[in-house]
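These are the residues of each chain, in order.
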Amino acid sequence: MPHIIVLGAGITGVTTAYALSRRGFDVTVVDRNRYPAMETSFANGGQLSASNAEVWNHWSTVAKGLKWILRKDAPLLMNPAPSWHKYSWMGEFVRNISNYRANTLDTAKLAIASREHMFAIAEEEGIDFDLERRGILHVYYDKSAFEHATNVNRLLIEAGLDRHAVTPDEIKAIEPALAGQFYGGFFTPSDSTGDIHKFSRGLADACQRRGVRFLFDAEVRSIAAYRGVEVNWKPADSLSAAKLQLLEADAIVVCAGTGSRNFASMLGDRINVYPVKGYSITVNLDDEASQAGAPWVSMLDDRAKIVTSRLGKDRFRVAGTAEFNGENRDIRYDRIRPLVDWVRELFPSVSTAKVIPWAGLRPMMPDMLPRVRSGSQPGVFYNTGHGHLGWTLSAATAELCASLVTARMERRHQGGDAA
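This section reports on the structure supplied with the text.

Rules behind the numbers
Residues numbered from 1 in each chain as written. Predicted model: local features only at pLDDT ≥ 70, side-chain atom pairs only at ≥ 80, totals over all residues. Heavy atoms only, no water. Helix = DSSP H or I, 4+ residues; strand = E, 2+ residues; numbered from the N terminus. Buried < 20%, exposed > 50% of the residue type's maximum accessible area, 1.4 Å probe, protein only. Contact = heavy atoms within 4.5 Å. Axes fitted to C-alpha atoms, helices over the stretch in contact; angles between N-to-C directions. Parallel < 35°, antiparallel > 145°, perpendicular 65-115°, else oblique. Left-handed = near helix turned anticlockwise from the far one by under 90°. Nonpolar A, V, L, I, M, F, W, Y, C, P; charged D, E, K, R; others polar. Salt bridge = Lys/Arg side-chain N within 4 Å of Asp/Glu carboxyl O. Pairing = 2+ DSSP bridges. Core = buried A, V, L, I, M, F, W, Y, C linked by side-chain atoms within 4.5 Å.

1. Things to note about the environment of valine 380
Along the chain, valine 380 turns up in strand E20 (residues 380–384). Classification of valine 380 by relative accessible area gives buried; the value is 0%. It is 44 Å that separates the C-alpha atoms of valine 380 and aspartate 314, two residues lying 66 residues apart in sequence. Valine 380 has contacts with Ala225, Ile252, Leu267, Asp269, Ser374 and Gly375, leaving out every residue within four places of it along the chain.

2. A few points about the packing of helix H4 (residues 100–125) against helix H7 (residues 196–209)
For any two helices packed against each other, one specifies the inter-axial angle together with the distance between the axes. Between H4 and H7, the least distance of the axes is 11 Å, while the angle of their chain directions is 60°. By the angle between their axes, H4 is oblique relative to H7. Every pair of crossing elements has a handedness; the one defined by H4 and H7 is left-handed. Across the interface between the two elements, Met118, Ile121, Ala122 and Glu125 from H4 touch Phe199, Leu203, Ala206 and Arg209 from H7. Partitioned by chemical class, the residues of the contact of H4 with H7 number 6 nonpolar, no polar and 2 charged.

3. Points about the pattern of salt bridges
Opposite charge on two side chains allows them to pair when their charged atoms are near. Under the definition given, this model contains 28 salt bridges. In this structure, aspartate 130 and arginine 315 form a salt bridge, with 3.0 Å as the shortest nitrogen-oxygen distance. Residue aspartate 130 is located in the loop between H4 and strand E5 (136–140), and its partner arginine 315 is located in strand E17 (residues 315–324); the two are separated by 185 residues in the primary sequence. Per residue, the accessibility class of aspartate 130 equals that of arginine 315, and both read buried. The closest approach of N and O atoms between arginine 373 and aspartate 269, which form a salt bridge, is 3.8 Å. Taken as a pair, arginine 373 in strand E19 (residues 371–374) and aspartate 269 in the loop between helix H8 (260–266) and strand E14 (274–284) lie far apart in primary sequence, 104 residues in all. Overall, the relative accessible area of 10% leaves aspartate 269 in the buried class. One continuous salt-bridge network, built from bridges that share partners, spans Arg22, Glu124, Glu125, Arg209 and Arg210.

4. Quick notes on the pairing of strand E18 (residues 355–364)
Summarising burial for E18: 7 of the 10 residues are buried, a large majority. In this sheet, E18 lies alongside E14 in antiparallel orientation, the contact comprising 10 bridges. Bridge pairing links valine 276 to arginine 362 in E18.

5. Details of unusual backbone geometry
In this structure, arginine 227 is a non-glycine residue whose phi angle is positive, near 55°. Mapping arginine 227 onto the fold places it in the loop between strand E10 (218–225) and strand E11 (229–235). The phi dihedral of methionine 368 is positive, around 70°, even though this residue is not glycine. Structurally, the position occupied by methionine 368 is in the loop between E18 and E19.

6. Concerning the nonpolar core
Judged by nonpolar contacts, the single largest core of 38 residues is most densely connected at Leu20, Phe199 and Val405. Elements with a minimum of two residues in this core: strand E1 (3–7), helix H1 (11–22), strand E2 (26–30), H4, H7, strand E13 (251–254) and helix H11 (390–413). Top contributing element to this core by residue count: H11, with 7 residues. Leu76, Ala108, Val276 and Met364 belong to the second-largest nonpolar core, a separate cluster that totals 31 residues.

Shown next as C-alpha cells:
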C-alpha cells in the first residue's frame, strides 16, 4: 500500500492517521513535539459540542470586538499592531458574513456526524478519556442575547440537532451547583465532554498497534512534491547543527494546525489559517466541598464566552476567550484571571487554590470551516483549520480526508488523475 505522511500529531493528525491506517495505508506521523497532542489538543475546553457550531461570521461579533478593543480582560481581544496576515484574514472574515447561515448549517451537520464516529472509535479501541454524556447547557443573562440564541437554535434544529430552550428554574434543575441569575438558556442533551489529551494519546497508541509509525522531535524544514513527496527534517531538540534527514512517501496530509499555512506555502498552496489564542484553567478539586460544588453538566456562558467540562471526580476545566495576537503562546495573568473569577462567582463552593493555566492557538479559517481538500501538487492533501471545534469535527473530517486520499491514490495507480 502507498506510504502516507501525516504532518501533525494533534487531534486532527491522529484521527487522520487512524482513518488512513484502517484503509490499509502505510502511515508515518511527523510532529515537532516529543509526544502526541502537546499543543492545541493539550488542554482545551473539552467539549464535543454540536451546539457550539454557530460560525463567528456575524456583525454582532464585529461589534463586540470593536466594543472590547481597549479591555485587556475582554472575551474577544485583538492586538491592534499592524500585521498583513491578521488584517487580510479579518477582511476575508467580514466577506464571509453573507455565508453565516449556510456555514453554520454545514458545521452543525458535520459535528453531529462526527460524534458518532468518535464514540465508535473510543469503544472499539477501549479509550478512557473521562467521557461525560450529560449534555451541554448554554446560559444567557438578558433578553437580547437569548433572542439571538433563539435564532441560532432554529438553524441548529434545522441541521438535525436535538436542542431546546429552558427556563431559569430548569437551568437550576439541570445543574444544581450553578449559582447566578439567568434570563434563560438552551440545553443539548446529546452533546458531551471529555479530556482531549487523554483521547488523543489513547488514539495514538491505537494507531501504533495498527502499525502507524510516529516520528517525534522532528522539525520540518522543507517539503517537495513531484512524483512522490520528500520531507526534509532535523531533530527539533538538537543543540548542534544537525544534518537534515530525508523522509520519502507517496503522499502527504497536512494536519499541522496553525503551522499549516507555512507548510502549504512550501507546496504552492494557500491555506489561510490564523492562530486565535484561547486560554484554559484546570481546577484541581482536592476537597469534598469542591468536588460537590463543581458541575457535572457542561456549561457555555455566552456573555463571558466561557465553556466548562468535568474531567472525572477531581478536575474541572474552564476555557474561553479569543485573542488575535499572532503566534503568541504567552500565558497572561489578565486573561487567566477572568476564568478564575468566573468559577468563584458561579460555583462559590469550588476552591481555586490549585489552578493550572494553559494557552493554545486555534487554527482558524476566515469562513470558520475546516479545509479538507487536495493540493495543487500530486499527492498533497489537507485536513486543517478546524478553529474552536477541532475535537468536535475531527473524526468526521478524518473520514472525509481518508476517503479523498483513497480515491485519488486509486486513480493515480490506474494512471488517471495525477493529484
